[in-house]
Amino acid sequence: MRLFLWWKNGRERTDIDLSAALFDARYKYLDVLAYYNLKSYGGVHSGDIVDAPKGAAEFIDLDIALLREKGVRYVVSSINSYTSQAFCDLPECFAGWMARESAGSGEIFEPSTVIDKVDVAANTTICLPAIFDLQAREVIWADIALKRYPLWNNVQNNLAGVSLMLRSLVELAKPDLHTLFMLHARARGQLMETAGEAETVFGVHQGITPFDLDKIRADFM
């Protein structure tokens, strides 16, 4: 799997950093992949880009089998504005993750391999977009925007806070889709007797279905 980040300078030189913190199954911090630690535990960072007048990318390749073999279960992705510009002030900034056939397969930035892309546009300087559970092979949607802390340029000083956020999101009791849609229906409208009477329909085979992930994330979460 490849984590990636793309950005373009704002009104001045802009340095955005991509990092990945590694934790075991008990939320114990193991190491970090960042501009100051390019290789560890089966992960490799592409290197530090400090200026992007025409746009630039950083990425982290993760050998999932090797990471799991070495005891890594959770990977917390982090995006940090080293030069302190808010993400909303940049003309372009997005991140995401790509599938890879295998480590060293030669796939660079082939668009068809993108699993998901996140637009980073908050009025903050730190974003934790997602957590990857390598054992369950699941992505835990985080979407946490922070202004100052943790200071991911020196993640070792903030391990307690990062570990707490990781534990909170992993163990969070999440509502199922039925509960989510019922909350919206009661708060934003009224329940109808039949689908024909409704302006918005939630269903398995009609209206907004469990497979409409982009719409659910955009409008209901």
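Analysis parameters
Residues numbered from 1 in each chain as written. Predicted model: local features only at pLDDT ≥ 70, side-chain atom pairs only at ≥ 80, totals over all residues. Heavy atoms only, no water. Salt bridge = Lys/Arg side-chain N within 4 Å of Asp/Glu carboxyl O. Helix = DSSP H or I, 4+ residues; strand = E, 2+ residues; numbered from the N terminus. Buried < 20%, exposed > 50% of the residue type's maximum accessible area, 1.4 Å probe, protein only. 1 Å grid on protein atoms, 1.4 Å probe; cavity = no way out; pocket = protein on both sides within 12 Å on 5 of 7 lines; lining within 4 Å. Points joined across faces, edges and corners; volume = space filled by probe spheres on them. Nonpolar A, V, L, I, M, F, W, Y, C, P; charged D, E, K, R; others polar.

Colleague: I would appreciate a short explanation of the pattern of salt bridges in the present structure.
Modeller: Between side chains of opposite charge, a pair can form as their charged atoms come close. Enumeration according to the criterion identifies 8 salt bridges in this entry. For arginine 73, the salt bridge identified is with aspartate 133, shortest N-O distance 2.9 Å. Taken together, the residues arginine 73 in the loop between helix H1 (64-69) and strand S7 (74-81) and aspartate 133 in strand S10 (residues 126-133) connect sequence positions 60 residues apart. With respect to class, arginine 73 is no different from aspartate 133; both count as buried. Among the charged side chains, a salt-bridge network with shared partners connects Asp116, Asp214 and Arg217.

Colleague: It is not clear to me how empty space enclosed by the protein should be interpreted in this structure. Could you clarify?
Modeller: Remark: the empty space left among the atoms is shown by a probe the size of a water molecule rolled over them. Following the criterion strictly, the structure yields 2 cavities of 30 Å³ or more and no others. Each pocket or cavity is described by its volume, and for the largest cavity that value is around 50 Å³. Considering the residues around the largest cavity, the lining is formed by Leu3, Phe4, Leu18, Ser77, Ile79, Ala95, Gly96, Trp97, Pro129 and Phe132. Among the elements that line the lining of the largest cavity, the one with the most residues is strand S8 (residues 92-98), at 3 residues. Residue composition of the lining of the largest cavity, by class: 8 nonpolar, 2 polar and no charged. Roughly 40 Å³ of volume is contained in the second largest cavity. Forming the walls of the second largest cavity are Val76, Leu128, Ile131, Ala142, Ile144, Val162, Met165, Leu166 and Leu169.

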